[in-house]
Amino acid sequence: MAHIIVVGNEKGGAGKSTVSMHVATALARMGHKISALDLDLRQRTFGSYVENRRAFLASSGLDLPSPDVHDLPEIDASALKPGENIYDHRLSAAVATLEPDNDFILIDCPGSHTRLSQVAHSLADTLITPLNDSFVDFDLLAKTDPSGEKILGPSVYSEMVWNARQLRAQAGLKPIDWIVVRNRVGAQRMVNKEKMERVLTALSKRIGFRIAPGFSERVIFRELFPRGLTLLDLKDVGVKQLNISNVAARQELRDLVKALDLPGVELNF
């Protein structure tokens, strides 16, 4: 049965689609069969990323390992029982179709609260929450006092994850392995960076998540999107010498995949 990875955060701009694409492509390049679902039915950033990849590889005559992105199947509304939600059935049907033939299913959630996102979180074996290193983003996880030092209580997204955990427990499923990924962490020691580290560590012990290193702010990520490429593809498309920033970004990806500790995954890049 496929291991389900959900990439979720109700705030936009945290790097969900970049994380999704790089993790999915890394797994594909390591020989795993992976399919993906983009639940942002309006923007479809992750879906567009993969479509850009297909188009570029076809035009360049290249054959590189890639994730397969699938649309949610249509469901006949007349077949639903009173009170049943059509989106629940569309997502469940998609996962049921993909599970037998894949090692991993990656689900990229929208940067907002939706019914589809709620259901996806309850399906997660591994939940990845990219978070910019900012108290603006941290507010989605928990409320703090004005000093930013004392946690006052969990916020809306943490409560949704808690509800998803409760649903899984009631169904007799294994607990969600929740990983908060710190993106755009400053290289220098700054007061905000140190406060974020302390408060995240405290919150992780309080509500139960692991902390993993993410991606720094780099131009390369914006440059790769139109061709649907990732850091792992650069040498295959003719980049003979990686610059220092590219090497550092590749190491960040390696550190992230290692920290996820996914079943059956052995790093080979």
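Quick note: structure is the one above.
Residues numbered from 1 in each chain as written. Predicted model: local features only at pLDDT ≥ 70, side-chain atom pairs only at ≥ 80, totals over all residues. Heavy atoms only, no water.

Assigned secondary structure in the chain consists of nine helices and nine strands. Against the 2.2 N^0.38 benchmark of 18 Å for 269 residues, the chain shows a C-alpha radius of gyration of 19 Å, consistent with a compact globule. Dimensions of the chain along its principal axes, counting C-alpha atoms only, are 55 × 50 × 35 Å. When burial is assessed residue by residue, the chain has 48% of its 269 residues classed as buried. Across the chain, the fraction of contacts at a sequence separation of at least 24, relative to all contacts at a separation of at least 6, is 75%. Total accessible area computed for the chain in this model is approximately 13000 Å², and 51% of it derives from carbon and sulfur atoms. Counting 33 positive and 33 negative side-chain charges, the chain places the centres of these two groups 5 Å from one another. (Helix = DSSP H or I, 4+ residues; strand = E, 2+ residues; numbered from the N terminus. Rg over C-alpha atoms; globule rule 2.2 N^0.38 Å. Buried < 20%, exposed > 50% of the residue type's maximum accessible area, 1.4 Å probe, protein only. Contact = heavy atoms within 4.5 Å. Areas by Shrake-Rupley, 256 points an atom, 1.4 Å probe, with all protein chains shown as cover. Lys, Arg positive; Asp, Glu negative; His and termini not counted. Charge placed at Lys NZ, Arg CZ, Asp CG, Glu CD.)

This paragraph deals with the packing of aromatic side chains. In this description, a pair of aromatic rings is defined by centroid distance and the angle of the planes. According to the stated counting rule, one finds five aromatic pairs in the structure shown. An angle of 70° between the planes, with centres 6.0 Å apart, marks the rings of Phe-135 and Phe-138 as edge-to-face. Taken together, the residues span about one helical turn, with Phe-135 and Phe-138 both in helix 5 (residues 135-138) at a distance of three residues. Put simply, the rings of Tyr-157, Trp-178 and Phe-209 pair up and form one aromatic cluster. (Phe/Tyr/Trp six-rings, centres within 6.5 Å; stacked < 30°, edge-to-face > 60°.)

Following both chains from N to C, one finds helix 1 (residues 16-29) and helix 2 (residues 45-60) inclined at 45°, their axes separated by 9 Å at the closest point. Between helix 1 and helix 2, the angle falls in the class oblique. Handedness of the helix 1/helix 2 crossing: right-handed. For the pair formed by helix 1 and helix 2, the contact residues are Ser-17, Ser-20, Met-21, His-22, Ala-24 and Thr-25 on the first element and Thr-45, Phe-46, Tyr-49, Val-50 and Arg-53 on the second. Class assignment of the residues belonging to the contact of helix 1 with helix 2 gives a composition of five nonpolar, five polar and one charged. (Axes fitted to C-alpha atoms, helices over the stretch in contact; angles between N-to-C directions. Parallel < 35°, antiparallel > 145°, perpendicular 65-115°, else oblique. Left-handed = near helix turned anticlockwise from the far one by under 90°. Nonpolar A, V, L, I, M, F, W, Y, C, P; charged D, E, K, R; others polar.)

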